[in-house]
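Here is what each chain is made of, one letter per residue.
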Amino acid sequence: MKRPLLITDCDEVLLHMVTPFGQWLDEAHDIDFAMDRPDFVDALTHRRDSRPVQTEHIWPLLDAFFTTEMHRQTLVPHAQHALATIAEVADIVVLTNLTDQFHAGRVAQLEAVGIRHRVQCNQGGKGRPVADLVAEYDPSATVFVDDLAQHHHSVAEHAPAVWRLHMIAEPQVARHRPPAAAAHARIDDWSDALPWILARFAEAETAPVEDRAGNR
């Protein structure tokens, strides 16, 4: 029997990121982070004069955070238990949008909180790498979990047979973000997401073979 596959993001799905990032911006750079804004371009402002942080400075700030401050990130509630349960029946890949220089740090960071699965770094849309992983694993069913709507749209385009779960684990952000239009469901807590994911895998076991590769 083929095993199903879970492909999950890391930041704001497995590990909290925006809160520690905001705390670091406050402490180290006198920058305010408004979590109700839709993206970093509009959310970061210099406290001294309320000017927006220029776009070209945002990625260096993120790189600096992941270089020295990953220890600030904390495990999302119920994530480790959910992944341990899923691992009993499925393969798991953590698909994280970090450059390769942070791969070892991300692996160590996740292992420290009891999450030991394949980690793959990525830049840009996640549709093509998800399609490549599906081709590699040839699973009975695949569930993709991510906090960003654009990645659900990308996966819907490049790997339409994949189930897509929109999850934003940070409540301060989640309350300001609508469900991703290209996702099949929006669930922000792993205790509720776990049965949804397992149900998608169970459906694949009983579905006719010709239905398992069809569009959802």
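Enquirer: Honestly, the overall build of the chain in this entry has me stumped. Any pointers?
Expert: The helix and strand tally for the chain stands at 9 helices and 8 strands. In summary, the chain has a C-alpha radius of gyration of 18 Å against a globular reference of 17 Å for 216 residues, a match within 12%. In terms of overall dimensions, the chain has a C-alpha envelope of 60 × 35 × 30 Å along the principal axes. Of all 216 residues assigned to the chain, the portion counted as buried reaches 46%.

Enquirer: So what exactly am I meant to see when it comes to the confidence of the model for the chain here?
Expert: Across the chain, pLDDT averages 93, with 95% of residues at or above 70. Of the regions scoring below 50 in pLDDT, residues 212–216 engages in 13 contacts with residues more than four places distant in sequence or in other chains.

Enquirer: In this structure, what is going on with the packing of aromatic side chains? I would like to understand it.
Expert: Each pair of aromatic rings is reported with the distance of its centres and the angle of its planes. Inspection of every chain in the model, using the stated rule, returns 7 aromatic pairs. Relative to Phe 102, the ring of Phe 66 has its centre 6.1 Å away and its plane inclined at 55 degrees; by these criteria the two rings are tilted. Of this pair, Phe 66 sits in helix 3 (residues 55–68) while Phe 102 sits in the loop between strand 4 (91–96) and helix 5 (103–112), and the two are 36 residues apart along the sequence. Classification of Phe 66 by relative accessible area gives buried; the value is 7%. An aromatic cluster of at least three residues, connected via ring pairs, comprises Phe 21, Trp 24, Phe 33, Phe 65, Phe 66 and Phe 102. The cationic tip of Arg 200 hangs over the ring face of Trp 196; the distance from NZ or CZ to the ring centre is 4.8 Å.

Enquirer: Teacher, can you tell me more about the pairing of strand 1 (residues 5–8) here?
Expert: Along a regular strand, successive side chains alternate from one face of the sheet to the other. Going residue by residue along strand 1, you find Leu 5 and Ile 7 tucked away on one face and Leu 6 and Thr 8 tucked away on the opposite face as well. Two strands pair when backbone bridges link them, and strand 1 and strand 4 are joined in this way by 4 bridges, in the parallel orientation. From the neighbouring strand, Ile 7 faces strand 4, where its bridge partner is Val 93. Sheet analysis places strand 1 next to strand 6 (residues 142–146), joined by 4 bridges and oriented parallel. Bridge pairing in strand 6 links Thr 8 to Val 145.

Enquirer: Just checking my understanding: could you explain helix 6 (residues 127–137) for this structure?
Expert: What sets the pattern is the α-helix's 3.6 residues per turn: residues three or four places apart point alike. Within helix 6, the full set of buried residues consists of Gly 127, Pro 129, Val 130 and Leu 133. Considered in projection along helix 6, the buried side chains sweep an arc of 165 degrees and stay on one side of the axis. Opposite the packed face of helix 6, turned more than 90 degrees from it, sit the exposed residues Arg 128, Asp 132, Ala 135 and Glu 136. Where helix 6 is buried, its residues touch strand 1, strand 4, strand 5 (118–121), strand 6 and helix 7 (149–158). Directly beyond the C-terminal end of helix 6, a positive phi value near 45 degrees is found at Asp 138.

Enquirer: Just to check I follow, could you spell out helix 7 for this structure?
Expert: Where helix 7 is concerned, the buried positions are His 151, His 152, Ser 154 and Val 155. For helix 7, the arc enclosing every buried residue in end-on projection is 160 degrees, short of the 170-degree limit, so these residues lie on one face. In helix 7, the exposed residues that point more than 90 degrees away from the buried face are His 153 and Glu 157. Considering only its buried residues, helix 7 is in contact with helix 6, strand 6 and strand 7 (163–166).

Enquirer: Is there a simple way to explain the side chain of His 151 in this structure?
Expert: On the secondary structure map, His 151 appears in helix 7. Once residues lying within four places of it in the same chain are set aside, the contact partners of His 151 are Asn 97, Gly 124, Gly 125, Lys 126, Phe 144 and Asp 146.

Rules of the game
- Residues numbered from 1 in each chain as written.
- Predicted model: local features only at pLDDT ≥ 70, side-chain atom pairs only at ≥ 80, totals over all residues.
- Heavy atoms only, no water.
- Helix = DSSP H or I, 4+ residues; strand = E, 2+ residues; numbered from the N terminus.
- Rg over C-alpha atoms; globule rule 2.2 N^0.38 Å.
- Buried < 20%, exposed > 50% of the residue type's maximum accessible area, 1.4 Å probe, protein only.
- pLDDT = per-residue confidence, 0-100.
- Contact = heavy atoms within 4.5 Å.
- Phe/Tyr/Trp six-rings, centres within 6.5 Å; stacked < 30°, edge-to-face > 60°.
- Lys NZ or Arg CZ within 6 Å of the ring centre and 35° of its normal.
- Pairing = 2+ DSSP bridges.
- Arc of directions from axis to C-beta.

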